[in-house]
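Summary of the model geometry
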Amino acid sequence: MGIPEREIWEEIVKTVAEALSEELKLSKTTLEDGSFQVPVEVSNRHCHLTKETFEILFGKGKQLTPIRSLSQLGEFACEETVAVIGKNMRMLEKVRIVGPWRNYDQVELSFTDGFYLGLELPTRLSGDIANSSPITLVGPQGIIALKEGAIRAARHLHLSPEEAERFKLKNGDRVSVEIPGPNGLILNQVIVRVGPTGRLACHIDTDEANAAGLRGKGIGRVIR
Ligand SMILES: [Zn+2]
């Protein structure tokens, strides 16, 4: 007699569902209260550089060396790192470059990094660097003192336009993200960023992740 056909199909569907990426499974989950699950990714300190600045630090004609693509379309971690020096002459080494090239130089550090380097870091969205903290970058071929560019990245939620529509959110909205666990917490003032290269993910820095007891990545819940 064997297994009824329906059960076989259910087994296949279950197997396929399990094989799908966590992201795909999550992005379909909206609860009755309008909350939904979201991958939470921890951004370690990193920088975005112009081609010109990169060439000062690494040499003329040198290219970025991608080692890992990131969740947001087109973004990648590079093999190249820089050292950064703050006002008090302390230095943090191996600050990774995230490509591609930007048309501005920006160093994203945690609040704790700011203490260590003697810098007052404004909390900003990526790209908003006017009057941010000065910082000095050191590479294998050169050094450059930036008049501005060091920030603490504002916690944010990335979405594609389709995801934004599905979850009824728009660019610039603010939501809260709950992170579960024994050190669970609710992060308020999470800024919604909608764009064609966006993919559902909440980005927090290492201070926020440490407070929540989160390593690398986890699952949170967007509430409002
Ligand atoms: Zn981000």
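A brief look at the structure comes next. Keep in mind that this is a model prediction, so the values were computed, not measured.

Think of it this way: four donors in a tetrahedron around the metal ideally sit 109.5 degrees apart, and six in an octahedron ideally sit 90 or 180 degrees apart. Donor atoms from the polypeptide that coordinate the zinc ion comprise His156 (NE2), His158 (NE2) and His203 (ND1), at 2.0 to 2.1 Å from the metal. Along the chain, the residues that donate to the zinc ion are spaced as H-x1-H-x44-H. This pair shows no difference in class: His156 is buried, exactly as His158 is.

On to the environment of His46. Relative to the elements of secondary structure, His46 occurs in strand E2 (residues 46-48). Classification of His46 by relative accessible area gives buried; the value is 11%. Beyond its immediate chain neighbours, meaning those up to four positions away, His46 contacts Val95, Arg96, Val98, Gln106, Val107 and Glu108. Within polar-contact distance, the side chain of His46 engages the side chain of His48 at 3.4 Å.

It is worth spelling out the pattern of salt bridges at this point. For the structure shown, the criterion picks out 12 salt bridges. Note that Arg152 and Asp205 form a salt bridge whose closest N and O atoms lie 2.7 Å from each other. Here Asp205 lies in strand E13 (residues 201-205) and Arg152 lies in strand E9 (residues 143-153), a separation of 53 residues in the sequence. Of the charged contacts in the structure, one is a salt bridge between Asp173 and Lys170, with a shortest N-O distance of 3.3 Å. The exposure class of Asp173 is buried, given its relative accessible area of 18%. The structure contains a network of salt bridges with shared partners spanning Arg152, Arg155, Asp205 and Glu208.

A word on a positive patch on the surface. The grouping of Arg68, Lys94, Arg96 and Lys217 at the surface amounts to a positive patch. With respect to the helices and strands, the residue Lys94 is situated in strand E5 (residues 91-99). Since its relative accessible area comes to 66%, Lys94 is described here as exposed.

In this structure, strand E1 (residues 36-43) lies alongside strand E14 (residues 217-223), joined through 6 bridges in antiparallel fashion. In the sheet register, Val40 faces E14, and the bridge partner there is Gly218. Across 3 bridges, the pairing between strand E11 (residues 174-179) and E14 is antiparallel. Pairing of Val177 across the sheet is with Val222, part of E14.

Among the secondary structure elements, Arg102 is positioned in the loop between E5 and strand E6 (106-108). We classify Arg102 as buried; its relative accessible area is 17%. A polar atom in the side chain of Arg102 sits 2.9 Å from the side chain of Glu75. Excluding residues that lie within four positions of it along the chain, Arg102 makes contacts with His48, Leu49, Thr50, Lys51 and Glu75.

On to unusual backbone geometry. Generally, phi is negative for residues other than glycine and the peptide bonds are trans, each holding for most cases. Cis geometry is found at the peptide bond from Gly99 to Pro100, where omega equals 5 degrees. Mapped onto the elements, Pro100 comes out in the loop between E5 and E6. One non-glycine residue, Asn131, adopts positive backbone phi at about 60 degrees. Note on placement: Asn131 falls in the loop between strand E7 (123-124) and strand E8 (133-138). For Asn131, a relative accessible area of 70% gives the class exposed. Positive phi outside glycine occurs at Lys168, with the angle close to 55 degrees. Within the secondary structure, Lys168 sits in the loop between helix H5 (161-166) and E11.

What counts, and where the lines are drawn
Residues numbered from 1 in each chain as written. Predicted model: local features only at pLDDT ≥ 70, side-chain atom pairs only at ≥ 80, totals over all residues. Heavy atoms only, no water. Donors = N, O, S within 2.8 Å, 3.2 Å for Na, K, Ca; no water. Buried < 20%, exposed > 50% of the residue type's maximum accessible area, 1.4 Å probe, protein only. Helix = DSSP H or I, 4+ residues; strand = E, 2+ residues; numbered from the N terminus. Contact = heavy atoms within 4.5 Å. Polar contact = N/O pair within 3.5 Å; in protein donor to acceptor, adjacent residues only side chain to side chain. Salt bridge = Lys/Arg side-chain N within 4 Å of Asp/Glu carboxyl O. Patch = residues over 30% accessible without salt bridge, like charges linked within 9 Å, V, L, I, M, F, W, Y side chains within 5 Å. Areas by Shrake-Rupley, 256 points an atom, 1.4 Å probe, with all protein chains shown as cover. Lys, Arg positive; Asp, Glu negative; His and termini not counted. Charge placed at Lys NZ, Arg CZ, Asp CG, Glu CD. Pairing = 2+ DSSP bridges.

None of this, on its own, says anything about what the molecule does.
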